[in-house]
Amino acid sequence: MSNSERPSQILRNLNAKIASIPMILTALVVFVGGTAWTVLYSFTNSKLLPRLSFVGLDQYHRLWSTSRWLVSIENLLIYGAISLVFSLVIGFVLAALLDQKIRFEDTFRTIFLYPFALSFIVTGLVWQWLLNPDFGVQRVVRDLGWTSFSFDPLYNSSIVIYGISIAALWQGTGLIMCLMLAGLRGIDEDIWKAARVDGIPMWKTYLFIVIPMMRPVFITTLVIIAAGIVKVYDLVVAQTSGGPGIASEVPAKYVYDYMFFAQNLGQGFAASTMMLLSVVIVIVPWAYLEFGGRKRG
Amino acid sequence: MVDVASLSTGAQAPRRDAAGPSGPKPRHALSRRNIFLYGTLIVVALYYLLPLYVMIVTSLKGMPEIRLGNIFSPPMEITFEPWVKAWATACTGLNCDGLSRGFWNSVRITVPSVILSIAIASVNGYALANWRFKGADTFFVILIVGAFIPYQVMIYPIVIILREIGIYGSLTGLVIVHSIFGMPILTLLFRNYFTSMPEELFRAARVDGAGFWGIYLRIMLPMSLPIFVVAIILQVTGIWNDFLFGVVYTRPDTYPMTVQLNNIVNSVQGVKEYNVNMAATILTGLVPLIVYFISGKLFVRGIAAGAVKG
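Residues numbered from 1 in each chain as written. Chains lettered and ligands numbered in written order. Predicted model: local features only at pLDDT ≥ 70, side-chain atom pairs only at ≥ 80, totals over all residues.

### A word on the overall build of chain B
For chain B, the helix and strand inventory stands at 15 helices and zero strands. Counting the 310 residues in chain B, one finds 46% classified as buried. Contacts in chain B between residues at least 24 apart in sequence constitute 76% of all its contacts with a sequence separation of at least 6. (Helix = DSSP H or I, 4+ residues; strand = E, 2+ residues; numbered from the N terminus. Buried ≥ 20, exposed ≤ 12 C-beta atoms within 10 Å, placed from the backbone. Contact = placed C-beta atoms within 7 Å.)

Dropping the structure here:
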């Protein structure tokens with residue numbers, strides 16, 4: 001509908017404008033203003049309080065030569081790769097299994113999805129308990145007689161990030177399954193009939209016909225997973241607090257610790273700007289195409 | 001974005017029952033295919049249920065039994081003491097009044113945050129769908145792109161703003177923060193819903209002389225109850241489960257439940273009481289779990305919409 005056809009335009013829109021003040025303030029002050037502020041102050045040497053004394057790219061140089069940051073980035077990449085691959089594969093396979101016109105579909109779906117209702121803190125603490133080497137899975141297997149069995153991912157710095165990924169997958173795959181199931185339900189039944197008539201085996205139909213048809217669902221799912229990966233924080237705090245040592249640190253935790261504990265604001269700002277940069281490169285082009293380009297119709 | 005509406009309806013949609021004989025071909029119940037299919041699903045379901053089971057079982061055991069026994073075995077002697085202790089006397093720092101403090105803080109945070117964020121976002125969505133003014137779409141695009149900005153980038157400027165207003169560390173401050181960060185996804189949800197409503201309704205009300213608020217309160221609001229329910233589910237679970245904002249914008253005596261839970265379980269002093277920890281963990285997860293089991297399919301719709309939030 002076009003506004004210009006109606007008389008007294010300014011008055012008519014006044015209420016809508018007043019009602020939109022919170023949105024406008026949020027968009028301009030918090031999202032644009034806050035982001036610009038943080039980026040600007042990442043070029044200063046702010047310590048306890050933000051100060052505008054510029055030091056160029058010093059904070060970034062320091063950031064990329066801090067071993068804790070490098071470990072964080074490495075962990076994020078491993079965690080991200082595991083999350084992407086496994087949640088897509090597990091989510092899709094579970095959705096495909098549920099799509100076989102089975103009984104108790106709702107029950108199974110409810111069970112697969114319930115961890116998603118729980119917070120990362122709860123998830124992290126449960127898995128911390130399950131993976132506890134003195135009481136958890138390792139102890140149970142050893143009690144069964146296999147005394148050399150070793151499974152202590154949260155206490156072994158070389159594999160701790162995999163231990164965190166186990167918990168993350170338990171919490172998040174249900175959602176991916178639901179998105180995939182919605183995608184599968186959108187595939188026309190005639191496609192299946194045609195494939196059956198042609199004698200194409202089921203796995204081939206999935207791989208070469210159904211999955212390519214679900215491209216939009218996969219793209220959305222990828223973006224959702226990617227957005228979650230960059231933000232990972234609570235899970236690590238609950239499960240290991242970044243330990244042992246700095247073995248399971250992640251960028252979001254680096255930012256928080258430097259801003260609120262180490263009182264080195266400049267480092268925190270530089271690290272958060274790097275997080276922003278990674279999101280801009282991966283996600284924003286997609287978001288613009290998806291939401292910005294779509295007009296009301 | 002997946003079409004959110006199709007998620008909830010997809011399961012019941014009768015697309016498979018086209019003309020002709022319907023229902024699956026009669027099959028042998030114990031065919032190899034069925035054994036494989038249900039076998040896999042049941043094993044996976046058990047894996048997903050295992051942590052919940054272990055949580056419950058552990059919270060009902062006494063410490064001696066935990067030290068000696070197997071985490072998977074059911075309790076020999078059921079005790080509710082860990083639950084009582086987790087709720088009423090577990091210590092975080094100097095406070096020894098248990099998780100109850102965090103629970104009530106979370107209630108005081110969640111209820112106003114849910115109401116405020118949904119009120120703001122629904123009016124926003126309504127304005128964007130029916131009363132578009134020049135520049136409205138620009139702000140909307142900024143809002144949506146903003147949903148993808150890592151919170152870490154905006155935390156500190158908000159600390160400064162809240163400190164200037166004088167509400168940093170208070171529950172009010174946290175409520176405002178939740179309303180701000182809930183806005184993008186909720187506005188999108190409401191805008192898409194209001195856009196899909198027949199425009200004739202809006203036009204007829206205009207002809208009858210109803211204004212901006214009149215149409216919102218008397219027509220849009222009563223007709224969009226389902227989407228309000230979805231928004232409530234989304235916000236209650238999201239805000240209850242929040243940790244980052246809680247830890248940044250509150251003080252120890254206003255900590256929400258998740259933050260307090262983490263402090264109780266991961267505190268380094270004292271002997272670890274795993275049964276109390278697990279009781280506390282269940283207590284914290286209880287509210288979103290209840291919301292989940294009651295809301296059923298609407299929950300799927302809500303999280304699908306909110307998943308973008310990350």
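Having seen the structure, we can now continue with the description.
### Observations regarding the overall build of chain A
Within chain A one finds 15 helices and zero strands. Over its C-alpha trace chain A gives a radius of gyration of 24 Å, far above what one expects of a compact globule, namely 19 Å for 297 residues. Projected onto its principal axes, the C-alpha coordinates of chain A cover approximately 65 × 65 × 30 Å. Sorting the 297 residues of chain A into buried and exposed places 43% on the buried side. Of all intrachain contacts in chain A linking residues separated by at least 6 positions in sequence, the fraction that spans at least 24 positions is 67%. (Rg over C-alpha atoms; globule rule 2.2 N^0.38 Å.)

### Observations concerning the interface of chain A and chain B
Every contact between the two is made by 82 residues of chain A and, on the other side, 83 residues of chain B. A per-class count over the side of chain A that touches chain B returns 54 nonpolar, 19 polar and nine charged. (Nonpolar A, V, L, I, M, F, W, Y, C, P; charged D, E, K, R; others polar.)

### A word on unusual backbone geometry
Residues and elements named next belong to chain A. If you check the backbone angles, K101 has positive phi at about 55° while not being a glycine. The residue K101 is located in the loop between α4 (67-98) and α5 (105-117) in this model. With 9 C-beta atoms counted inside 10 Å, the residue K101 sits in the exposed group. The phi angle at F104 is positive, at roughly 55°, despite the residue not being glycine.

### What to know about α5(A)
Residues and elements named next belong to chain A. Taking 1.5 Å of rise per residue, 13 residues should cover 18 Å, and α5 covers 19 Å from first to last C-alpha, within 8% of that figure. The largest bend along α5 reaches roughly 30° and is located at I111, with the proline P115 sitting one to four residues downstream. Among the residues making up α5, those that are buried are F108, R109, I111, F112, Y114, P115, F116 and A117. (Expected span 1.5 Å × (residues − 1). Bend = angle between axes of the 7 residues up to and from the residue.)

### What about the domain arrangement of chain A?
Frequently, the measure chosen for interface size is the accessible area that the parts lose on association. All names here are of chain A. Taken as a whole, chain A is organised into domain 1 (1-41) and domain 2 (58-292). When each unit is reduced to the centre of its C-alpha atoms, the spacing between domain 1 and domain 2 is 36 Å. Listed per partner, the contact involves four residues of domain 1 and four residues of domain 2. Classifying every residue of the side of domain 1 that touches domain 2 gives two nonpolar, two polar and no charged. (Domains from an automatic or database assignment.)

### Concerning the packing of helix α13 (residues 257-265) of chain B against helix α14 (residues 274-295) of chain B
A pair of packed helices is captured by two measures, namely the crossing angle of their axes and the spacing between those axes. Residues and elements named next belong to chain B. With their axes 10 Å apart at the nearest point, α13 and α14 run at an angle of 170° to one another. Taken together, α13 and α14 sit at an angle that is classed as roughly antiparallel. On α14, the residues touching M257, T258, L261, I264 and V265 of α13 are N277, A280, T281 and T284. Grouping the constituent residues of the contact of α13 with α14 by class yields five nonpolar, four polar and no charged. (Axes fitted to C-alpha atoms, helices over the stretch in contact; angles between N-to-C directions. Parallel < 35°, antiparallel > 145°, perpendicular 65-115°, else oblique.)

### Observations concerning the nonpolar core
The biggest cluster of nonpolar side chains holds 158 residues, and the ones touching the most others in it are A:M180, A:A271, B:L189 and B:A280. The two domains that each donate at least three residues to this core are domain 1 (1-41) and domain 2 (58-292) of chain A. (Core = buried A, V, L, I, M, F, W, Y, C linked by C-beta atoms within 7 Å.)

### Quick look at the environment of A:G124
Residues and elements named next belong to chain A. For G124, the location among the structural elements is in helix α6 (residues 120-130). Residues G124 and Q171 lie 47 residues apart in sequence; the distance between their C-alpha atoms is 9.4 Å. If sequence neighbours within four positions are ignored, G124 has contacts with A167, D234, L235, A238 and Q239.

### A word on the environment of B:P150
Relative to the helices and strands, B:P150 resides in the loop between α6 (136-146) and α7 (151-165). Each C-alpha atom of the pair B:P150 and B:V259 lies 20 Å from the other, and the pair is 109 residues apart in sequence. Excluding residues that lie within four positions of it along the chain, B:P150 makes contacts with A:V230, A:K231, A:S272, A:M275, A:L276 and A:V279.

### Some details on the confidence of the model for chain B
For chain B, the mean per-residue pLDDT works out to 84, and 88% of the residues sit at or above 70. Confidence metrics for the complex model read pTM 0.86 and ipTM 0.86. (pLDDT = per-residue confidence, 0-100.)

### Quick notes on the environment of A:L125
Within the secondary structure, A:L125 sits in helix α6. A:L125 sits in the buried class, given 29 other C-beta atoms within 10 Å. With 78 residues separating them in the primary sequence, A:L125 and A:K47 have C-alpha atoms 33 Å apart. Setting aside residues up to four positions removed in sequence, A:L125 forms contacts with A:A238, B:V265, B:N277 and B:T281.

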